[in-house]
Amino acid sequence: LTAAVTLPAWAQDATGGGTPSLSFSFANNRDGSKLSVVDGTSVTADTEIGVEPVPANKWIELYDSDAADAGSDKVINNTEKVSANDKRAHNFTLESDVTVTYSAKNAWSVKEVDEQASSNIQPFLQSYLDDGDNPAVDGNPVGAKFTVTGIPFDSYDVIIYFATDKEFAVGNSGGNGFKPITVNGTAYSWTQWQSETDPGYLVSDAASTAVFGSAPESTAILGKNAIRIPALSGDLTVTGPVGDGTTNKRCSIAAFQIVEAKPSFNINFAQTADDPYDVPASGAYGLAPVPGAFWQNIYGASGTDVALSLDGYNLLSDTKLTFSAPGTWRFPNDNQVKDPILRGFLGTHTNAADGSTVSVSNIPFTQYDVIVYFATNEENAVFQPVTINGKAYTWDAETQATVEGKATFGASRGNVAIYGTNALRIPGLTGDLTLATGAQTVKTDTEPFKTGNLCGIQIVCTGEVTDAAVPLERNPTISVN
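Residues numbered from 1 in each chain as written. Predicted model: local features only at pLDDT ≥ 70, side-chain atom pairs only at ≥ 80, totals over all residues. Heavy atoms only, no water.

A. Spotlight on the overall build of the protein. Across its full length, the protein holds zero helices and 38 strands. Within the protein, buried positions represent 55% of all 481 residues. In the protein, the proportion of contacts linking residues at least 24 apart, taken out of those at least 6 apart, comes to 74%. (Helix = DSSP H or I, 4+ residues; strand = E, 2+ residues; numbered from the N terminus. Buried < 20%, exposed > 50% of the residue type's maximum accessible area, 1.4 Å probe, protein only. Contact = heavy atoms within 4.5 Å.)

Below you can see the structure in the form of structure tokens.
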């Protein structure tokens, strides 16, 4: 990887806050002044902000000074360069220049300037490129637009943040919401799984007109005021449509982050080949989100030396999966569980049974995290701790973190994957992976149903890719039927 670094253990938390990244905010306020992402009160220099948490003083403020004297009456049309060795590059050394070109009809903000200090909206979500008809693009009616060249990562995710002074709620009542945005030629939107409390998932469809999200939001939340498009490569071009001023259909852009996409093995235990519960190729899935096409669907209750693939790499030594379970089961009705990772699993439905065992050999990462997904269709159940490389792990509700321990955790029938509910992330691992889930016990008068039903695993590189894997030229896409 071009900018691979070995991260210290403290940087490898469940949010992925140690991942190399570049973070940008559009800082032109509605009166033409520059709005800093640090307000000195709710957001200090060290406050980590964004879906990919980065200290505020590492955010790069993009500001068109030519618009300062005119505010909302001045077209935004500017090019800025982030020079090599800029200290705002987060968790890596920037070895060459990165150039950002951006344009919009004007800049605006969620709140009036004199109301911003007392607002609970984080500053990087206050100012934005407005979505009016952008005269900087000849003959093509678009709203806000930006391009980035010189991106220092072979593969990357982009997180785009939206803001508006309008108000609308999740569920898009009356058709209000953020419009799909086009990234490198493909239009992306977001859909909710079932309710506004569910994170939902990314969808891509060039013909889509679906709106999503809610506004205003005080912080960044995927599916509400942010979307994350994974596994991009090369230069980045983002174009928003013109907003509809008669309704609340908007596409005004407040900020963005470019995050190095660390390679991962993504394993979905998909019930049986005769009754498969696959992760679909369209969309992006997982708590370390990757395109559905990067997930490997595995069938049956056992397998020996199953070859695993690593997208974008030629494996010079085989990475092999071996697993054994008392059976397989599934959620037959997608109204119960929307997330495809959680719909099929290793385990049983109602009877007491041993847990599952999994091993993965020849992992070509100097260091990695493993994300483990659980499910059961038993109500009021809890999950057994998982044993990883000889140590038992569970969830600490007080610290909201994965910890060593043998206590049960979580809640059953989660509609989507959530850390501490039906997923754990264990950081800082090396070498081969061995995993064992706890035995399943049935409910008694005094004890809940306990299970270790295993849905899937992600093995996410947090160090460097070894010589056992050679990068391929690639230009991955996400598509839908």
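B. Seen up close, the sheet that holds strand β25 (residues 320-324). Here seven strands make up an open sheet; going across it, the order is β23-β25-β28-β35-β31-β32-β33 and the pairing antiparallel. The open sheet terminates on both sides in strands that have one partner only, identified here as β23 (302-307) and β33 (401-404). Ignoring strand direction, the axes of neighbouring strands in this sheet form an average angle of 20°. Of the strand pairs in this sheet, strand β31 (residues 386-388) and strand β35 (residues 433-437) are connected by three bridges, and their pairing is antiparallel. Bridge assignment links Ile-388 to a residue of β35, and that residue is Leu-435. (Pairing = 2+ DSSP bridges. Axes fitted to C-alpha atoms, helices over the stretch in contact; angles between N-to-C directions.)

C. Looking closely at the pairing of β35. The alternating pattern of β35 places Leu-433, Leu-435 and Thr-437 on a buried face and Thr-434 and Ala-436 on a face that is not buried. Two strands pair when backbone bridges link them, and strand β28 (residues 357-361) and β35 are joined in this way by four bridges, in the antiparallel orientation. By the bridge assignment for β35, Thr-357 is matched with Ala-436.

D. Geometry of the pattern of salt bridges. Evaluation of the coordinates by the stated rule reveals 13 salt bridges. The closest approach of N and O atoms between Glu-52 and Arg-228, which form a salt bridge, is 3.3 Å. Linking Glu-52 in the loop between β2 (48-49) and β3 (54-55) with Arg-228 in strand β15 (residues 226-232), this pair joins segments that are 176 residues apart in sequence. Lys-262 is the partner of Glu-260 in a salt bridge, and the nearest nitrogen-oxygen pair spans 3.7 Å. Taken individually, Glu-260 and Lys-262 each receive the classification buried, so the pair is uniform in this respect. One network of salt bridges, in which partners are shared, links Glu-52, Asp-157 and Arg-228. (Salt bridge = Lys/Arg side-chain N within 4 Å of Asp/Glu carboxyl O.)

E. Fine view of the packing of aromatic side chains. In this structure the tally under the stated criterion is 20 aromatic pairs. Members of the aromatic cluster, connected to one another through ring pairs, are Phe-24, Phe-26, Tyr-102, Phe-146 and Phe-256. When the ring centre of Trp-329 is taken as reference, the NZ or CZ atom of Arg-330 above it lies at 4.6 Å. (Phe/Tyr/Trp six-rings, centres within 6.5 Å; stacked < 30°, edge-to-face > 60°. Lys NZ or Arg CZ within 6 Å of the ring centre and 35° of its normal.)

F. Looking closely at the side chain of Thr-376. Of note, Thr-376 is situated in the loop between β29 (368-374) and β30 (382-383). Since its relative accessible area comes to 1%, Thr-376 is described here as buried. At 3.1 Å, the side chain of Thr-376 forms a polar contact with the backbone nitrogen of Glu-378. (Polar contact = N/O pair within 3.5 Å; in protein donor to acceptor, adjacent residues only side chain to side chain.)

G. Layout of the environment of Gly-177. Along the chain, Gly-177 falls in strand β11 (residues 177-178). Residue Gly-177 is classed as buried on the basis of its relative accessible area, which comes to 0%. Measuring from C-alpha to C-alpha, the distance between Gly-177 and Gly-213 comes to 5.6 Å, with 36 residues separating the pair along the chain.

H. Focus on the confidence of the model for the protein. Chain-level pLDDT for the protein is 85 on average; 87% of the residues reach the 70-or-more range. Counted against residues more than four places away or in other chains, residues 1-17, with its pLDDT under 50, gives 50 contacts. This model gives residues 474-481 a pLDDT under 50, and the stretch forms 24 contacts once residues within four places in sequence are excluded. (pLDDT = per-residue confidence, 0-100.)

I. Fine view of unusual backbone geometry. Residue Pro-216 is bonded to the preceding Ala-215 through a cis peptide linkage, with omega at -5°. In this structure, Asn-91 takes a positive phi of about 65° despite not being glycine. Structurally, Asn-91 is set in the loop between β5 (76-82) and β6 (98-104). Even without glycine at this site, Gln-271 takes up a positive phi of about 75°. Mapped onto the elements, Gln-271 comes out in the loop between β19 (264-269) and β20 (284-285).

J. Representation of the environment of Phe-294 in the model. With respect to the helices and strands, Phe-294 occurs in the loop between β21 (290-291) and β22 (296-298). Between the alpha carbons of Phe-294 and Val-279 there is a distance of 9.3 Å; along the sequence they are 15 residues apart.

K. Representation of the pairing of β19 in the model. In terms of burial, β19 is largely enclosed, as six of its six residues are buried. Residue alternation in β19 divides its side chains into two sets, Ser-264, Asn-266 and Asn-268 and Phe-265, Ile-267 and Phe-269, and both sets are buried. Where β19 meets strand β37 (residues 454-461), five bridges bridge the pair, whose relative direction is antiparallel. Across the sheet, the residue bridging to Asn-266 is Gln-458, located in β37. One ladder, built from three bridges, connects β19 with β22; its direction is parallel. Of the residues in β22, the one forming a bridge with Ile-267 is Gln-296.

L. Quick look at the environment of Thr-247. When you line up the elements, Thr-247 lands in the loop between β16 (236-239) and β17 (249-250). Separated by 70 residues in sequence, Thr-247 and Gly-177 place their C-alpha atoms 9.1 Å apart.

M. Representation of the side chain of Thr-328 in the model. Structurally, Thr-328 can be placed in strand β26 (residues 328-330). We classify Thr-328 as buried; its relative accessible area is 17%. Side-chain polar atoms of Thr-328 contact the side chain of Gln-271, separated by 3.0 Å.

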